[in-house]
Amino acid sequence: MSVIPISVYGDKILRRKAQLVKNVDFLTIELIRNMFETMRNANGIGLAATQVGIDQSVFVVDLSPVEEYEKSKPMVLINPKILDFSEKKIAIEEGCLSIPEVRYEVERPETIYITYYDTDLKEQTFEATKLFARVFQHEQDHLNGVLFTDHLDEDVKKKLKKSLDKIKKREIETEYPIFQKRNYQLK
Ligand code: NI
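What comes next is a walk through the structure. (Residues numbered from 1 in each chain as written. Predicted model: local features only at pLDDT ≥ 70, side-chain atom pairs only at ≥ 80, totals over all residues. Heavy atoms only, no water.)

Thoughts on the coordination of the nickel ion
Protein ligation of the nickel ion involves Cys96 (SG), His138 (NE2) and His142 (NE2), the donor distances falling in the range 2.1 to 2.2 Å. Expressed as a motif, the donor residue spacing for the nickel ion is C-x41-H-x3-H. With Cys96 in the loop between strand S4 (89–94) and strand S5 (104–109) and His138 in helix H2 (residues 130–143), this residue pair connects regions lying 42 residues apart in the sequence. The two residues Cys96 and His138 agree in class, both being buried. (Donors = N, O, S within 2.8 Å, 3.2 Å for Na, K, Ca; no water. Helix = DSSP H or I, 4+ residues; strand = E, 2+ residues; numbered from the N terminus. Buried < 20%, exposed > 50% of the residue type's maximum accessible area, 1.4 Å probe, protein only.)

Have a look at this one:
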């Protein structure tokens, strides 16, 4: 297993829509293992494939480091789709491994119904509430090229612009490896 550098705000891959996974082969399993390792190394609780440069519709979640969720099992969601959501919305502070050091309250539905395939390619449906619903929606967004900052009001976005620009220019320090842009110049 290996830790993969995480793409950060400004990287194009984070804006790309993920492709549906057509079959789960050894490469998919290796990707999933590496995603878990990458997420845990960065102390994250969710990670989408697009964050590690792979435009495949899969994300991993492990809420066990969070108080009151210690017993929750790690989950892999392949080709997830949110089928329905509650009208009731709640505001919870979010962060993102691709947007280091930036946290802000985001309003989202409190409960969602999500369908996905597990690694045995069995279709699963899950009614998610609270933190599960929150993380699933955040990760599902990643697979659609959406970041949590996109949900914020314009004045808040303005307030965060400096921090976001710094991330774009990689004027940041992280405790986990981030994807460094290389200068491919062909002469
Ligand atoms: Ni994120």
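So that's the structure; there's more coming.
Description of the sheet that holds strand S7 (residues 123–128)
With respect to topology, five strands assemble into an open sheet ordered S1-S2-S3-S6-S7, the strand pairing being antiparallel. Every interior strand has two partners, whereas the edge strands, strand S1 (46–48) and S7, have only one. Each adjacent strand pair in this sheet contributes to an overall mean axis angle of 40 degrees, direction not counted. The pairing of S1 with strand S2 (residues 58–61) spans three bridges and is classified as antiparallel. (Pairing = 2+ DSSP bridges. Axes fitted to C-alpha atoms, helices over the stretch in contact; angles between N-to-C directions.)

Quick look at the side chain of Asp118
For Asp118, the position within the fold is in the loop between strand S6 (112–117) and S7. Summary of buried charges: Asp118 has no salt-bridge partner, and the nearest side chain of opposite charge, Lys122, is 5.7 Å away. Reaching out from Asp118, the side chain makes a polar contact with the side chain of Gln124 at a distance of 2.8 Å. Setting aside its immediate chain neighbours within four residues, Asp118 contacts Val76, Ile78 and Gln124. (Lys, Arg positive; Asp, Glu negative; His and termini not counted. Salt bridge = Lys/Arg side-chain N within 4 Å of Asp/Glu carboxyl O. Polar contact = N/O pair within 3.5 Å; in protein donor to acceptor, adjacent residues only side chain to side chain. Contact = heavy atoms within 4.5 Å.)

Some words on the layout of surface pockets
The computed volume of the largest pocket comes to approximately 710 Å³. Residue lining of the largest pocket: 28 residues in total, with Asn43, Gly95, Cys96, Leu97 and Arg103 positioned closest to the centre. Breaking the lining of the largest pocket down by element, the ones donating at least two residues are S4 and H2. Sorting elements by how many residues they give to the lining of the largest pocket places H2 first, with six residues. (1 Å grid on protein atoms, 1.4 Å probe; cavity = no way out; pocket = protein on both sides within 12 Å on 5 of 7 lines; lining within 4 Å. Points joined across faces, edges and corners; volume = space filled by probe spheres on them.)

Observations concerning the packing of aromatic side chains
Under the criterion given, the structure shown has five aromatic pairs. On the basis of an interplanar angle of 45 degrees and a centroid distance of 6.0 Å, the ring pair of Phe59 and Phe136 is categorised as tilted. Of this pair, Phe59 sits in strand S2 while Phe136 sits in helix H2; the two residues are 77 residues apart in sequence, bridging distant segments of the chain. Summarising the burial analysis for this pair, Phe59 and Phe136 share the class buried. Ring pairing ties together the aromatic residues Phe59, Tyr69, Phe126, Phe132 and Phe136, which thus form one cluster. (Phe/Tyr/Trp six-rings, centres within 6.5 Å; stacked < 30°, edge-to-face > 60°.)

A closer look at the pairing of S6
One ladder, built from five bridges, connects strand S3 (residues 75–85) with S6; its direction is antiparallel. Looking at S6, one finds that Ile78 is bridged to Tyr117. Relative to S7, S6 runs antiparallel, the two sharing six bridges. Of the residues in S7, the one forming a bridge with Thr115 is Thr125.

Thoughts on the side chain of Ser98
With respect to the secondary-structure elements, Ser98 resides in the loop between S4 and S5. Owing to a relative accessible area of 0%, Ser98 belongs among the buried residues under this scheme. At a separation of 2.8 Å, a polar atom in the side chain of Ser98 contacts the main-chain carbonyl oxygen of Ser7. With residues up to four places along the chain from it excluded, the contact list for Ser98 reads Ile6, Ser7, Val8, Tyr9, Leu14, Gln51 and Ile167.

What to know about helix H3 (residues 154–168)
Most pronounced at Lys161, the bend in H3 amounts to some 50 degrees. Taken together, the buried residues of H3 touch S5. Just downstream of H3 lies Arg170, where phi reads positive at about 60 degrees. (Bend = angle between axes of the 7 residues up to and from the residue.)

Digging into the pattern of salt bridges
Side chains that differ in charge, positive against negative, can pair when their charged atoms come close. Tallying each qualifying case throughout the model produces eleven salt bridges. Notably, a salt bridge pairs Asp55 with Arg16, separated by 3.6 Å at the nearest N-O pair. You can see Asp55 sitting in the loop between S1 and S2 and its partner Arg16 sitting in the segment before helix H1 (26–41), a full 39 residues away along the chain. Under the relative-accessibility criterion, Arg16 is labelled partly exposed at 44%. Among the salt bridges present, the one from Asp141 reaches Arg108, with a minimum N-O distance of 3.0 Å. Separated by 33 residues along the polypeptide, Asp141 in helix H2 and Arg108 in strand S5 bring together distant segments of the chain. For the pair shown, Asp141 and Arg108 are each scored as buried.

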